[in-house]
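A look at the structure
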Amino acid sequence: MNIIPCDPRDPEFLRRTEAVRQKSGRQLLDDNDLLLLACEEISRTFTREEIRYSA
Amino acid sequence: MNKILVILPNNLGDVIMALPVLEGLKNKDPEVHITFFVETGYEGGLVGTPWCDRIFLFDRKAIRDGARTRNWRGSLDALKTIVEELVRERFRRIINLSQHPYAAYIAGLLSCPQTQGRVFLREGNHAVPDAWSRYLYAIPFGRAYNGLHATDIYRKIAGTADIPVRTPLTVGENEREEAGRFLQSRGIDPAGPPLMVLQPGAAYQAKRWPIEHFAALGRMLLDRGGTIVITGAAAETDSANSLQSLLNGAVVTAGVLSFRETIALLPHASGCVTGDTAIMHATAALGRPVYALFGPTNPVETGPYCPGAWVFSGRCPNRPCFCFECKTRLCMEAITPGDVYRAIREESPANATSDVYRTVVDADGVIRLDPLVGQGRPYYLPAGAALTRRFVDKDYAPEAPPSDGDIEALKNETMIVADAARTMAQSLTEFESTRSPDALRDYEKIRANLSSLSGVGVFWTALLNLRLNGVPLLDPAKGIAESRDLCREMADALTSALSIYP
């Protein structure tokens, strides 16, 4: 069966974000970490036509 | 220079609801420099206002769309440039009124000495440092226990609640004259018969009053010799044209005038009939008569913010449900054109088939809905709302002791949370001395059990969790001690709040 990925985001982007989340709570995050988290959060924001996001 | 950044990259209506905060900040300190961080496209309420020195446009959609592609690094760079520009401003204070998590990350990146609202800490957790912002965040967990309008909560967060709200939104003389010329060009004499603005569109289906109802009301107004302008955004042109086809002589501005040009019409109008829309907020902010038709949303929290506004609401047992789509649309359908027409004529609403309210300013300066006809499900429980407000504001004393509802239930559930918080503090104290994992397990178990509450305890639990979740745990011993103190503080504050009841 072919599975079509529904998340259009680049795997590298998601991998890096996940790496920051792993750091979270274990060491202080720097500006680049916070920027990445902010960018990932924005990538999931929605307009009313898009319903998959939940904050 | 005292520079303040207000963050609210939300829709037009939310931005207009925040204008009294800017007015208050400016009146408190005329030298203050205010930058408003707003999403591109929603700046219409800020353009031309004397209360905002700089509108900082944030193109969220461009960054979002880029971040969803293989060129995500471009979005990251764009965001970095924005943050660097904000850092260079060296704000002394950030007031983050947004509940978007990304706004908390941006607030965290600015490392400002004073921040109200949600902020993401470099230790890796979201914190809400100030009590009124935590109150704002707790509302969705227990709406029945809040009687405050969002604007009043914003004012309390910003520390401007003591500054009277006078002219949060203004229309310049040139804009007003231009609007007058526009009306004349469409055959309406601004100095002639009463002009009513009808706004049939709203952000989503469940918030829209049926076009047939608008048409019936419009015909009553036209029969009385009035004139009508049908407003709306470009996307609402179809519904505006549909309404116009049912109202001979009505003028459509949807898709013709910008938001700013549209609100410049309002000083020429005798009022505006609208759902829960940005035009409703603008009409209220201009102090013009507004007839607000409420369905799935909550007029207590986001109704027209001005005294004397009319609010109508159908008696749907599920209100406020916050649904985008509704099969029955009972709440909106049940507001009859006759109910609104009688309000416009200042006639008694005694026979209204919907609930009818008027907004009043309380002695302590907050807006409240005064029910003229209120037979439907109440939007909140005054006795519970007084208790939650007293919890945050130690000086708050209601004009009359709360007597409605089940006060014993409110007391009992408040004491359950207070006792739980005390026991949680004891468990943490025990852990500090014994290092026993059982003590930590007890703490977590009590905390988890709070989720079984269903009354005002839900509100208290949300507040407690907001505080505990904001405690950094990079230094575990410090985190444990801070959590222990927070639990004690919470228990004491809850017990103290109960003094509101005789």
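Residues numbered from 1 in each chain as written. Chains lettered and ligands numbered in written order. Predicted model: local features only at pLDDT ≥ 70, side-chain atom pairs only at ≥ 80, totals over all residues.

This part covers the nonpolar core. Within the largest apolar cluster, 162 residues are counted, with the highest numbers of intra-cluster contacts made by Ala38 of chain A together with Val6, Ile7, Ala18, Ile230, Ala292 and Ala421 of chain B. Here the element with the most residues in this core is helix H17 (residues 407-434) of chain B; it accounts for 9 residues. If sequence neighbours within four positions are ignored, Val6 of chain B has contacts with Ala18, Val21, Leu22, Ile34, Phe36, Phe37, Ile95 and Leu97 of chain B. (Core = buried A, V, L, I, M, F, W, Y, C linked by C-beta atoms within 7 Å. Buried ≥ 20, exposed ≤ 12 C-beta atoms within 10 Å, placed from the backbone. Helix = DSSP H or I, 4+ residues; strand = E, 2+ residues; numbered from the N terminus. Contact = placed C-beta atoms within 7 Å.)

This next bit is on unusual backbone geometry. All names here are of chain B. Pro320 follows Arg319 through a cis peptide bond whose omega is -10°. You will see that Arg90, though not glycine, has its phi angle at about 50°, which is positive. As for its placement among the helices and strands, Arg90 is situated in the loop between helix H4 (72-88) and strand S4 (93-96). Classification of Arg90 as exposed rests on a count of 10 C-beta atoms within 10 Å. Backbone geometry places Arg435, a non-glycine residue, at a positive phi of 60°. When you line up the elements, Arg435 lands in the loop between H17 and helix H18 (437-449). Under the C-beta neighbour-count criterion, Arg435 is labelled exposed, with 9 such atoms within 10 Å.

Another aspect to go through is the environment of Ser451 of chain B. Mapped onto the elements of the fold, Ser451 of chain B is located in the loop between H18 and helix H19 (456-469). Measuring from C-alpha to C-alpha, the distance between Ser451 of chain B and Thr461 of chain B comes to 7.3 Å, with 10 residues separating the pair along the chain.

Without other data, these values stay purely geometric and don't point to any function.
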